[in-house]
Amino acid sequence: MNKILKLVCFLLVSFSIQAQDAAKAKGLLDEVSAKVKTYGNIVIDFKYALNNPTENINQESKGNVTLKGNLYNLNFMGVTKIFDGKKVYTIVPEDEEISISKFDDKDENAVTPSKMLTFFNSGYKYSWDILQDIKGRKIQYIKLIPISSKDQRKEILLGIDVQTKNIYNLIETGKNGTRTTLTVNSFKTNQPLSDNHFTFTESKYPNYYINRLD
């Protein structure tokens, strides 16, 4: 009987700790979301790394993105992607091709660069993870586990700068063992931007093939 009582007490304590742990993690993520909303715009330079030991794949590349609300201008792997609030323009200089498509804001599964800073608000279980000292910065990691069993991601570690409450990096591990890491090299806010920074000007690409998808 004593063993059963001890087991019950242990389980109750464990559940209580897990609940407090999740609440603490959610609290920090809420602080990150609130901080993002205070910025007029955000300019990020980042490094992207992909590793798959099974397929012997190791790739690294750099990129940058400018965000203003839902608007974005992304440059990554030689491709520029612009969202002006209505349409997405994908510019591929190597092929001299441009794709234009409408953005469905009702599609909750649609991935946009702006969601990089707020994607964690729903669809995940949270837990408090390790605290690391990286180049003099205290980075607190939050572990995110996708709720949907159909999600091909096993877990995501989100590194948050304790002082600034800005995202430092994101480490995503797939169920197939693939690991991708997005590291923020530079995070600038409220930068002076040109009026047409999020505008696609067709006349700039006279020899490009334009594929209007819808």
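Keep in mind the model is a prediction, meaning the values are calculated, not measured.

This next bit is on the overall build of the chain. The helix and strand inventory of the chain stands at 1 helix and 12 strands. From first element to last, N terminus to C terminus, the chain shows the α and β order α-β-β-β-β-β-β-β-β-β-β-β-β. For the chain, the residues scored as buried account for 37% of the 214 residues in total. Here the chain has roughly 13,700 Å² of accessible surface; of this, 52% comes from carbon and sulfur atoms.

The next subject is the nonpolar core. Counting residues in hydrophobic clusters, the biggest one holds 30 residues, and the most contacted among them are Leu29, Ile44, Leu117, Phe119, Phe120, Leu144 and Leu158. Among the elements that line this core, the one with the most residues is helix H1 (residues 2-36), at 5 residues. By size, the runner-up hydrophobic cluster in this structure holds 7 residues, among which are Ile82, Ile91, Ile98 and Phe200.

Tracing the backbone shows Thr173 in strand S10 (residues 167-174). Setting aside anything within four residues of it in sequence, one finds Thr173 in contact with Arg153, Lys154, Glu155, Thr178 and Arg179.

This next bit is on the pattern of salt bridges. The full count for this structure, using the stated rule, is 9 salt bridges. Between Asp30 and Lys26 there is a salt bridge; the shortest N-O distance is 2.8 Å. You can see Asp30 and its partner Lys26 sitting in helix H1, 4 residues apart, about one turn around the helix. What makes Asp30 partly exposed here is its relative accessible area of 36%. With its nearest N and O atoms 3.7 Å apart, the salt bridge here joins Glu172 to Arg153.

Attention now goes to the sheet that holds strand S8 (residues 137-146). One open sheet accounts for 12 strands, arranged S7-S8-S9-S10-S11-S1-S2-S3-S4-S5-S6-S12; its pairing is mixed. The open sheet terminates on both sides in strands that have one partner only, identified here as strand S7 (124-134) and strand S12 (209-212). Averaged over all pairs of adjacent strands, the angle between their axes in this sheet comes to 15°, without regard to strand direction. Here S10 pairs with strand S11 (residues 179-189) via 5 bridges, running antiparallel. Within the sheet, the bridge partner assigned to Leu170 lies in S11 and is Leu182.

It is worth spelling out the side chain of Asn169 at this point. Structurally, Asn169 can be placed in strand S10. Judged by its relative accessible area of 5%, Asn169 falls in the buried class. A distance of 3.1 Å separates a polar atom in the side chain of Asn169 from a polar atom in the side chain of Tyr141. If near-sequence neighbours (up to four positions away) are discounted, Asn169 is found in contact with Tyr141, Leu157, Leu158, Gly159, Leu182 and Thr183.

One non-glycine residue, Asn56, adopts positive backbone phi at about 55°. As for its placement among the helices and strands, Asn56 is situated in the loop between strand S1 (42-52) and strand S2 (57-68). Unlike most non-glycine residues, Glu96 shows phi in positive territory, near 50°. Positionally, Glu96 belongs in the loop between strand S5 (87-92) and strand S6 (97-102). Accessibility expressed as a relative area gives 40% for Glu96, which makes it partly exposed.

About the criteria used
Residues numbered from 1 in each chain as written. Predicted model: local features only at pLDDT ≥ 70, side-chain atom pairs only at ≥ 80, totals over all residues. Heavy atoms only, no water. Helix = DSSP H or I, 4+ residues; strand = E, 2+ residues; numbered from the N terminus. Buried < 20%, exposed > 50% of the residue type's maximum accessible area, 1.4 Å probe, protein only. Areas by Shrake-Rupley, 256 points an atom, 1.4 Å probe, with all protein chains shown as cover. Core = buried A, V, L, I, M, F, W, Y, C linked by side-chain atoms within 4.5 Å. Contact = heavy atoms within 4.5 Å. Salt bridge = Lys/Arg side-chain N within 4 Å of Asp/Glu carboxyl O. Pairing = 2+ DSSP bridges. Axes fitted to C-alpha atoms, helices over the stretch in contact; angles between N-to-C directions. Polar contact = N/O pair within 3.5 Å; in protein donor to acceptor, adjacent residues only side chain to side chain.

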